[in-house]
Amino acid sequence: MARREQIAQLKQTVAVIGGTGALGFGLAVRWAMAGVPIVIGSRDAGRAAEASEKVLERAGSGNVTGLQNEEAAARAATVLLSVPFRVQAENLNNLRYALQPQTTLVDATVPLAAAIGGWATRSLGVWQGSAAQQAAEMAPRGVTVVSAFHTVSAASLSDPSRELDEDVLISGDDRKAKDDVSDLVRRISGLRPVDCGDLEMARILEQLTPLLISVNKRHKIKHSGVRLTGLEAP
């Protein structure tokens, strides 16, 4: 493959670190359906390959491969980190040589108390202010962090027959990176990106996950989401 073609492929591809988990898997399914090239990442290359086959089966078609985390991250200009909070720092440490300059790191981590055996409806305090700000502190120089995908149901995403109708709240310090992530959100039918401001807003966005978990539990549902009123139609 020519160098120019390699660069073009890199820009189009999304690496999903934690693609064997519920949220990463669901997003991979929806993006595969939309024609976005996907690389599923896992600590175990075999598990990543199995997950990629399941994504293709669920999506019906697509360009999906499975690789070990570091190799997956090196093959994409956009890397989604969708892992439990307890292993976020470990994953970022392992990826520090794989993430290339100009990479956009989309952090979907939520510091739920469940990560240390507590309740899923409670969150943990993070010294940096939020999991996304911790990711920005740990990311290599030249990597831009955007916080997103904290309020979309993984179960809804992984079910192609389910119609989506909700907003994806985004925060980050780089406008172009947020625009690129917004374009990825729009590739999923029924989702609307909403720019919520600088990365410091992630400390608020991440708190919406335990709120929705509590709503789901109280009302015995699985698919609550967020829709902001007063904005222009998507």
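Structure: see above.
What counts, and at which threshold
Residues numbered from 1 in each chain as written. Predicted model: local features only at pLDDT ≥ 70, side-chain atom pairs only at ≥ 80, totals over all residues. Heavy atoms only, no water. Helix = DSSP H or I, 4+ residues; strand = E, 2+ residues; numbered from the N terminus. Rg over C-alpha atoms; globule rule 2.2 N^0.38 Å. Buried < 20%, exposed > 50% of the residue type's maximum accessible area, 1.4 Å probe, protein only. Core = buried A, V, L, I, M, F, W, Y, C linked by side-chain atoms within 4.5 Å. Contact = heavy atoms within 4.5 Å. Salt bridge = Lys/Arg side-chain N within 4 Å of Asp/Glu carboxyl O.

**Notes on the overall build of the chain**
Then comes step 1: Secondary structure assignment for the chain yields 10 helices and 8 strands.
Then comes step 2: Compactness check: the chain gives a C-alpha radius of gyration of 16 Å against a globular reference of 17 Å for 234 residues, within 12% of the reference.
Then comes step 3: Along the first, second and third principal axes, the C-alpha set of the chain runs to 55 × 40 × 35 Å.
Then comes step 4: Sorting the 234 residues of the chain into buried and exposed places 49% on the buried side.

**What about the nonpolar core?**
Then comes step 1: Among the nonpolar cores identified, the biggest contains 35 residues, and Trp31, Ile38, Ile40 and Phe149 are the most heavily contacted of them.
Then comes step 2: The set of elements that each furnish at least two residues to this core consists of β1 (14–17), α2 (22–33), β2 (38–42), α3 (45–59), α7 (154–157), β7 (166–172) and α8 (175–186).
Then comes step 3: For this core, the element with the highest residue contribution is α2, accounting for 7 residues.
Then comes step 4: Excluding residues within four positions of it along the chain, phenylalanine 149 makes contact with Leu23, Leu27, Trp31, Leu80, Val106, Ala108, Val168, Leu169 and Val185.
Then comes step 5: Within the second largest apolar cluster, 23 residues are counted, among which are Leu81, Val87, Leu95 and Leu99.

**Description of the pattern of salt bridges**
It is possible for side chains of opposite charge to pair when their charged atoms get near one another.
Then comes step 1: Summed over the entire model, instances satisfying the criterion amount to 8 salt bridges.
Then comes step 2: For aspartate 167, the salt bridge goes to arginine 227, with nearest N and O atoms at 2.7 Å. With aspartate 167 in strand β7 and arginine 227 in the segment after α10 (208–219), this pair connects stretches of sequence that are 60 residues apart.
Then comes step 3: Here the residues in one salt-bridge network are Asp165, Asp167, Arg192 and Arg227, joined through shared partners.

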